[in-house]
Amino acid sequence: MGGLQKKKFERGAATNYITRNSARKKLQLSLPDFRRLCILKGVYPHEPKHKKKVNKGSTAPRTFYLLKDIRFLLHEPVVHKFREYKIFVRKLKRAYGKTEWSAVERLKENKPTYKLDHIVKERYPTFIDALRDIDDALCMCFLFSTFARTGKCHVQTIQLCRRLTVEWMNYVITSRALRKVFLSIKGIYYQAEVMGQLITWLVPYQFSHDHPTDVDYRVMATFTEMYTTLLGFINFKLYHSLNLVYPPKMDIQAESELKEEFEEDYAMNSESYTEKLSALSGSLARVVSTEEEEEGKLDQFPAEGEDVEKMEAREKEQKQLEAQKKLFDGLKIFLNREVPRESLAFIIRCFGGQVSWDKSVSIGSTFDVTDETITHQIVDRPNFDKQYINRYYVQPQWVYDCVNAKILLPVEDYFLGVTLPPHLSPFVEEKEGDYVPPEKLRIMALQRGEKPAQEQEEDEEEGEEDDDEEEEEGDDDEVDEEEKAEEKNLKKMEEQKSQGKSLQVKVTPGKVKAENPARLEQEEKAEEKRLAIMMMKKKEKYLYDKIMFGKKRKVREANKLAAKRKAHDDAEKTKKKKARK
Amino acid sequence: SSRRLRRMAASQPGFLTLKPSSDPTDLVGGRRKRVNKNKKKNWNKFSDITDVEEFLEDVRHQERTTGGLLSEKSDDSLFFVDLGQTDKAEQNAAEPDEGKKRKGKSTRPLRIDLILQGDSFIPPPKDVLAYQKPNAKKLRRIAQKAEQLAAKGVVPRAQKKLLNRRLADRTVKKAVAEANNNPDRDYYDMWAQKSKSPADPWCVLQTGKQQVKRPKKLNQKPSALPAVEVIAPGGSYNPDFLSHQALLQEAHEVEVKKKKQEDKLEKQLAVNREDKATAETALREEVEGLIEDEEDEETSPNKEDEEASGAAITVTEKKTERQRKKEKAEKRKEQQQLSVKRQTVQQQQLFQLRSIKAAIKQQEQQAKKRWSKRKEKQEAQKAQPRRLGKLKFQAPDLEVQLRDELAGSLRQLKPEGSILKDRFKSLQKRNLIEPRERAKFRRKLKVKYVEKRAFKEIT
């Protein structure tokens, strides 16, 4: 009995949250300023679990922040700067109103500015933290760097974004970190691996802007403000990790190569250097001039059992990666004027190729069209007169597909005027049993080093009616699959769902004999498995059957898709034939 | 004192007044007013002192114009013997010489200057303050000290302060001038030096306050979604047939859903056919109240109702003693039966142990399943946009190009959608900013439409 009466909303959730308006009042900031501060400091609104409790009984929709976050914001020195700026604006307005031009001049000279360095440091205590959060920054900077200078945002911001993105691209080129590219209808997706982190970013196509009206430009500009600071510091660190000079400088050799008589035509003297850097055609200067990097080999540890397999897999991957990095090594590629220059130059240089373009397209071209050593010319028009015999004329998709396939694809499919094979997304990873488009299968076969012929692909049959137990086993290894495919009498062969397999039957019939012991081993394995299944408990068996059923269903679906695809292809073919007739 | 002076002047034999003074007889003549002379006030008021005043004025005048009393001057200085024109001729001869030398006009002072020139022969009184300084001694001492210090090379404190401030100002200005978005700004290795912990003792000692720690919750990401969501494979500029179909299907489903909602709304808003007025209902409405209704029918059921309720009330009657006893006994018996039943059930349960166990197990399993389901839901919720404000997050339209919109080559590609919008929506989807609506333009002042005269003539 007795004691104080408990009042409502004085403890619990109601005291942990604060509404946006009261937070704003507490900080003595206007709403735009408050929003800006929150974005800069990384304070985001929260949705409380029990809204009614937090809202003191009201159910009105409100934006809530955690009270602790707002208390933390109270200590931010940037808040003072915001207030200072507000006063500055007031004074400036007054001076304008009174037409006191000298006062306007003086005020403008002493315009209050602020730095975000300490906020970056606070939000990202370590470099890796910052690197993990760079996706957004890159997207935003690439986006802003393509804006026209029409007053939607500060010209200075656009310039800074351009500078930072060029620095980033130069870094990716030098470190050969690019892994995937995807041309979508929205823009170009890139993925790079930097210091073990996969970084994805989206770059808009050139000249593709309409400014949407339902986007808050002020918010976007604030995000960009934060991200430019972040990206700059990351660039600095990355350049130093590669012993490169920051801000980036061209190599002396590259610089002399790029010397041209008509430089003034492209840019003013003050800008020509940055323009040349952004051409991406020259290599960068290093702090330590020795170019050789010791190829750090993985330390070999004695390992047993499963570890060996893992190690082998890892080594194989490593090897593949090394090969991919040198994809375009030794190729000399010339870009015609109708292809997206920057994107292609970036990719080709990322994989070690040499690239150039017509002098009149942009600054920084390294060789002419007439150069006899050019191996490929990227062309995107239906026909082209005056062709050189000793070079391939290919469409731009070839470059992108090569990067995704990690090998140099045959150029025949990409010749001038040829209908291109579909551009597949490298970001899709098929699990076993999923439907795989035939184009991808073909690429996979090419990766394995086989040469499929177009004709054979057509008259092959799809595998149906699969025995689930063997199915699972069959998918394990591609090498196994090949072997199995050769054994026509074996039941396993039937459940091979992919077209690639039966095709191999015809191409490589001669290898069979030597691998007999391997086959025996396999059979033994299969036998063992069957026995193990027989020995299962009832309950386990039930579970196993269930899993198997799921897999079977997946395969069935995949087969259905494949059949659909085949029907579509056939329809296309007949249409074509009719058209020919 | 004036009197004394007057007396003195009168006693002097050679005193001559320059101005014709009033006759002494005037003073004496006429009727004098009788006034008591025992009051100082009256003395001051009625005694005549004009003569003294005049005399003194005269003395001052003489002093001013001649530099002393005329009576005290020697005769030589007052008179000269007029010898005719010789002197004047000499003077005239001398003057032109001078004029030639100085070129006439410039020598003669301006008339205005002459007027302004003081013509008094009495020199002005000396100004003491002109050559006496207040605190002169002290100041002299201070100056001497400063000289000594300067010789030694010691800069005074005030000056030192000024110098210091000037240096500081310069550095501050340089830092201020660089804006945050300056394209040539420089960066440094931010992560090189170890970050100071908030409770660093040196820091605390220097600044007098502890650095504020960033709340840990701020480092959590508000959503599990990745920053960049890659478009589905069907969104390729040259897509594979099936994946393109899949994307189209997805877009189609979204559209169907939207359409369904729209239809539903329309259906709800549509006017009910029964609510519409027909000729019949209109007529009935017109004649309402004019034709007598059969009220009897309506009233009769009401009466029955009343009777029924009356019956219900009358049922409650007092119980007899016997009835009560009987009820009590029945109750007791019932309870006994219940307890016996309970006991038997408990005994029986001993034999049901197995099934009970199974039931418990099942229950537990169910609870577990529910728990895992809830957990799953929570996980899924993490990737979902939250309700952060007045408006709900609205997913942007899927970017899709139909089969015939797809470009054959990269050159002819027409980009779909806006990346700016995509980024903005992504920020909203990841709960970084709350969804908002553009503020509507609201006119403050009323607009008045006036037809111009030119138009008026035409219309």
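The name given to chain B in an unreviewed UniProt entry is Ribosome biogenesis protein NOP53, and the organism recorded there is Nothobranchius korthausae. Recorded in UniProt under Sequence similarities (unreviewed entry), the annotation for chain B is "Belongs to the NOP53 family."

The name an unreviewed UniProt entry gives chain A is Pescadillo homolog, with Nothobranchius korthausae as the organism. Looking at the Function (unreviewed entry) heading of the UniProt record, one finds this comment for chain A: "Component of the PeBoW complex, which is required for maturation of 28S and 5.8S ribosomal RNAs and formation of the 60S ribosome." Note on chain A: under the UniProt heading Sequence similarities (unreviewed entry), the record states "Belongs to the pescadillo family."

Observations regarding the overall build of chain A
Within chain A, the secondary structure is distributed over 24 helices and nine strands. Taken across its 581 residues, chain A has 46% of its residues classed as buried. Contacts in chain A between residues at least 24 apart in sequence constitute 63% of all its contacts with a sequence separation of at least 6. Looking at chain A as shown, the accessible area adds up to about 32600 Å², and 52% of this sits on carbon and sulfur atoms.

Structural notes on the sheet that holds strand 9 (residues 392-394) of chain A
What holds strands together in a sheet is hydrogen bonding between their backbones, with the strands either parallel or antiparallel. Residues and elements named next belong to chain A. Across the sheet, which stays open at both edges, the four strands sit in the order 7-6-8-9 with parallel pairing between neighbours. Every other strand in the sheet has two partners, leaving strand 7 (354-357) and strand 9 as the edge strands with one partner each. In this sheet, adjacent strand axes meet at a mean angle of 25 degrees when their direction is disregarded. Relative to strand 7, strand 6 (residues 332-335) runs parallel, the two sharing four bridges. Bridge pairing in strand 7 links K332 to Q354. This element, helix 16 (residues 341-350), spans strand 6, strand 7 and strand 8 (376-378) of the sheet and lies at about 160 degrees to strand 7.

Concerning helix 10 (residues 134-145) of chain A
An ideal rise of 1.5 Å per residue puts 16 Å on twelve residues; helix 10 of chain A measures up with 16 Å between its terminal C-alpha atoms. Within helix 10 of chain A, twelve of the twelve residues are buried, which leaves it mostly tucked inside the rest of the structure. Where helix 10 of chain A is concerned, the buried positions are I134, D135, D136, A137, L138, C139, M140, C141, F142, L143, F144 and S145 of chain A. Contacts from the buried residues of helix 10 of chain A go to helix 9 (127-132), helix 11 (155-175), strand 5 (197-204) and helix 12 (217-241) of chain A together with helix 16 (419-429) of chain B.

So, the interface of chain A and chain B
Frequently, the measure chosen for interface size is the accessible area that the parts lose on association. Opposite the 106 residues of chain A that make contact, chain B presents 70 residues. Taking both partners together, chain A and chain B bury about 7700 Å²; carbon and sulfur atoms supply 63% of that area. In this assembly, chain A and chain B are joined by 14 salt bridges. One can count 33 residue pairs in polar contact (both at pLDDT 80 or more) joining chain A with chain B. With twelve residues, the single largest contributor to the side of chain A that touches chain B is helix 12 of chain A. When its residues are assigned to classes, the side of chain A that touches chain B shows 52 nonpolar, 24 polar and 30 charged.

What about the sheet that holds strand 3 (residues 178-183) of chain A?
Residues and elements named next belong to chain A. Taken together, the three strands give an open sheet; going across it, the order is 3-4-5, and neighbouring strands pair in antiparallel fashion. Every interior strand has two partners, whereas the edge strands, strand 3 and strand 5, have only one. Between one strand axis and the next, the sheet turns through 15 degrees on average, direction left out of account.

Description of the packing of aromatic side chains
Applying the stated criterion across every chain, the model contains 25 aromatic pairs over all chains. The interplanar angle of 40 degrees and the centroid separation of 6.1 Å between the aromatic rings of W168 of chain A and Y171 of chain A together place this pair among those described as tilted. Of the two residues, W168 of chain A and Y171 of chain A are both situated in helix 11; the distance of three residues between them amounts to about one turn of the helix. Comparing W168 of chain A with Y171 of chain A, the two get one shared label, buried. Relative to Y239 of chain A, the ring of Y171 of chain A lies with its centre 6.4 Å away and its plane at 40 degrees, an arrangement referred to as tilted. Of this pair, Y171 of chain A sits in helix 11 while Y239 of chain A sits in helix 12; the two residues are 68 residues apart in sequence, bridging distant segments of the chain. Here a set of aromatic residues connected by ring pairs shows up, and it is made of F142, W168, Y171, Y190, W201, F236, Y239, Y246 and F346 of chain A. Over the ring of F127 of chain A we find K237 of chain A, and its NZ or CZ is 6.0 Å from the ring centre. Looking at K37 of chain B, its charged tip hangs above the ring of W43 of chain B, at a distance of 5.3 Å from the centre.

Here we look at the confidence of the model for chain A
Residues and elements named next belong to chain A. Scored by pLDDT, chain A has a mean of 82; 82% of the residues are at 70 or more. Long-range and interchain partners of residues 290-296, a stretch whose pLDDT sits below 50, account for three contacts in this model, where long-range means more than four residues apart. Note on residues 496-505: pLDDT under 50 across the span, and 26 contacts to partners over four residues away in sequence or across chains.

Re a nonpolar patch on the surface
Among the surface-exposed residues, L283, V287, L290 and I291 of chain B lie close enough to one another that they form a single nonpolar patch of about 410 Å² accessible area. When its relative accessible area of 69% is taken as the criterion, L290 of chain B is described as exposed.

Examining the packing of helix 12 of chain A against helix 16 of chain B
It is the contact of helix 12 of chain A with helix 16 of chain B, at a shortest axis distance of 11 Å, that shows an interaxial angle of 80 degrees. By the angle between their axes, helix 12 of chain A is roughly perpendicular relative to helix 16 of chain B. Each of Y217, V219, M220 and F223 of chain A in helix 12 of chain A lies in contact with helix 16 of chain B, whose residues at this interface are L420, R423, F424 and L427 of chain B.

Re the pairing of strand 5 of chain A
Residue and element names in this part refer to chain A. Across the eight residues that make up strand 5, a large majority, seven, are buried. Bridge analysis of strand 4 (residues 187-194) against strand 5 gives eight bridges, and the strand direction is antiparallel. The residue bridging V194 from the neighbouring strand is Q197, located in strand 5. Linkage of strand 4 to strand 5, two consecutive antiparallel strands, is achieved through a turn of two residues, within which M195 is found at a positive phi near 55 degrees.

A short note on the pattern of salt bridges
Should the charged atoms of two oppositely charged side chains come close, the side chains can pair. With the rule as written, the count across this model stands at 42 salt bridges over all chains. One salt bridge in this structure joins K429 of chain B and E229 of chain B, with 3.5 Å as the shortest N-O distance. Here K429 of chain B is found in helix 16, whereas its partner E229 of chain B is found in the loop between helix 10 (201-207) and helix 11 (241-269), with 200 residues between them in sequence. What makes K429 of chain B partly exposed here is its relative accessible area of 26%. One continuous salt-bridge network, built from bridges that share partners, spans D136 and K186 of chain A together with E399, D422, R423 and R430 of chain B.

A short note on the side chain of N180 of chain B
Summarising the element assignment, N180 of chain B is placed in the loop between helix 9 (157-177) and helix 10. Within polar-contact distance, the side chain of N180 of chain B engages the side chain of R185 of chain B at 3.3 Å. Apart from residues no more than four positions distant in its own chain, N180 of chain B is found in contact with Y114, K115, L116, L160, E225 and T229 of chain A together with R185 of chain B.

Here we look at a positive patch on the surface
A contiguous patch of positive charge on the surface is contributed by K537 and K539 of chain A together with R354, K357 and K361 of chain B. Top element by residues in the positive patch is helix 15 (residues 353-382) of chain B. It accounts for three residues. Mapped onto the fold, R354 of chain B is located in helix 15.

Thresholds, definitions, all that
- Residues numbered from 1 in each chain as written.
- Chains lettered and ligands numbered in written order.
- Predicted model: local features only at pLDDT ≥ 70, side-chain atom pairs only at ≥ 80, totals over all residues.
- Heavy atoms only, no water.
- UniProt positions renumbered as here; feature names shortened; annotations may be inferred.
- Helix = DSSP H or I, 4+ residues; strand = E, 2+ residues; numbered from the N terminus.
- Buried < 20%, exposed > 50% of the residue type's maximum accessible area, 1.4 Å probe, protein only.
- Contact = heavy atoms within 4.5 Å.
- Areas by Shrake-Rupley, 256 points an atom, 1.4 Å probe, with all protein chains shown as cover.
- Pairing = 2+ DSSP bridges.
- Axes fitted to C-alpha atoms, helices over the stretch in contact; angles between N-to-C directions.
- Expected span 1.5 Å × (residues − 1).
- Buried area = accessible area lost by both parts, 1.4 Å probe.
- Salt bridge = Lys/Arg side-chain N within 4 Å of Asp/Glu carboxyl O.
- Polar contact = N/O pair within 3.5 Å; in protein donor to acceptor, adjacent residues only side chain to side chain.
- Nonpolar A, V, L, I, M, F, W, Y, C, P; charged D, E, K, R; others polar.
- Phe/Tyr/Trp six-rings, centres within 6.5 Å; stacked < 30°, edge-to-face > 60°.
- Lys NZ or Arg CZ within 6 Å of the ring centre and 35° of its normal.
- pLDDT = per-residue confidence, 0-100.
- Patch = residues over 30% accessible without salt bridge, like charges linked within 9 Å, V, L, I, M, F, W, Y side chains within 5 Å.
- Parallel < 35°, antiparallel > 145°, perpendicular 65-115°, else oblique.
- Lys, Arg positive; Asp, Glu negative; His and termini not counted.
- Charge placed at Lys NZ, Arg CZ, Asp CG, Glu CD.

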